[in-house]
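# Tertiary structure, described
Given next are the chains, with one letter for each unit.
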Number of protein chains: 2
Amino acid sequence: MAQNRTVSKATEDFGGLRMTKQRQAVYDVLSDLGPQHPTAAEVFVTAKERMPSISLATVYNCLETLTGAGAIKQVNIDREASRYCPNLQPHAHFYCTGCNQVFDIGLERGADAESVWSLPAGCRVEEMHVAMRGICGRCPNCSTAAKS
Amino acid sequence: MAQNRTVSKATEDFGGLRMTKQRQAVYDVLSDLGPQHPTAAEVFVTAKERMPSISLATVYNCLETLTGAGAIKQVNIDREASRYCPNLQPHAHFYCTGCNQVFDIGLERGADAESVWSLPAGCRVEEMHVAMRGICGRCPNCSTAAKS
DNA sequence: AACCTTTTTTAGAATAGTTCTTGATCTAAA
DNA sequence: TTTAGATCAAGAACTATTCTAAAAAAGGTT
């Protein structure tokens, strides 16, 4: 029944976090969805298919715990529902208004996102969020838009 | 009674926007507050002092209209209440966890915030939001933190 | 295993920020 | 001045999220 997994699915411990069934399920949904960035509600739907007893509150709990442990990242774009992603590399988020999807955008080789900003002396950055909005040029909606 | 204002207070028309008393009041509150970035509720408090009849819904309306017209910018940091700022130059926002304030951070001379990101071909950025979180090193709370 | 303690989960209520609705008021144009 | 459309005010409604309290699960210890 249990499928053989070649990719290690974060059985690794994240800061001594207790990996409960629910947390594992939530994490798995997130990493199975790959480059997509689901909202808590979307995670809940998929998680519930696999574990019918799970509740929305638990999904929120798990997402918060996993975020706190550094296993996943919370992505906020405008005031829309938070999205979550398992990509821990430094990256920006691109929200395509054509296909309504959020993509990860990596840093250029050797580039440093912080250095373009003129930070006052003594100012220490602990976290940085970069979100872009536009058209991705890939999705059906975008190709029409791009043609114009 | 009316103070002489040397600085022009956006009597300029923003994309043919009708500058009603309420919109002007909301805009004035925002620009009077200078580098601070008030929430809608905070704008409402100050606006109501000057125009007791104004309602919260109207403040939201005005902020939305002004944002749409490009007169002000909406600033979202995490899922906290939206803040608004009249600074139209390209800039990032720094949220100080010590003093709970949001500061504007300008671009380094000649720098381009977009170029550090490896955007796929065909991808067009229409808007970019950069938010940082950390300690500013200026406020009372920060100086203590910085000493450690 | 049985017991105890702590953590986690669940379901539903509560909350906060924001948007929507409706009727009243204002504005600009004819 | 009339008319049509835009804007405003007040409060209800909505949505994403957090809180609460009780039940369940997980460890650790005998």
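Scope of this entry: the structure provided in the associated data block.

### Describing the environment of Ile-54 of chain A
Residue and element names in this part refer to chain A. Mapped onto the fold, Ile-54 is located in the loop between helix H2 (40–50) and helix H3 (56–69). Take Ile-54: its relative accessible area is 3%, and that puts it in the buried class. Linking Ile-54 and Val-26, residues 28 residues apart in sequence, is a C-alpha distance of 9.7 Å. The residues touching Ile-54, leaving out its near neighbours within four places in the chain, are Gln-22, Val-26, Phe-44, Ala-47, Lys-48 and Val-59.

### Looking at the pairing of strand E4 (residues 102–106) of chain B
Residues and elements named next belong to chain B. One ladder, built from five bridges, connects strand E3 (residues 91–96) with E4; its direction is antiparallel. Across the sheet, Ala-92 pairs through a bridge with Ile-105, a residue of E4. Connecting E3 to the next strand, E4, in antiparallel fashion are five residues, including Asn-100 with a positive phi near 65°.

### Description of the side chain of His-91 of chain B
Residue and element names in this part refer to chain B. Positionally, His-91 belongs in strand E3. Residue classification places His-91 among the buried positions, given a relative accessible area of 10%. A polar contact of 2.5 Å, which involves the side chain of His-91, links it to the backbone oxygen of Gln-89. Within the structure, the side chain of His-91 is placed 3.0 Å from the side chain of His-93, a separation counted as a polar contact.

Analysis parameters
- Residues numbered from 1 in each chain as written.
- Chains lettered and ligands numbered in written order.
- Predicted model: local features only at pLDDT ≥ 70, side-chain atom pairs only at ≥ 80, totals over all residues.
- Heavy atoms only, no water.
- Helix = DSSP H or I, 4+ residues; strand = E, 2+ residues; numbered from the N terminus.
- Buried < 20%, exposed > 50% of the residue type's maximum accessible area, 1.4 Å probe, protein only.
- Contact = heavy atoms within 4.5 Å.
- Pairing = 2+ DSSP bridges.
- Polar contact = N/O pair within 3.5 Å; in protein donor to acceptor, adjacent residues only side chain to side chain.

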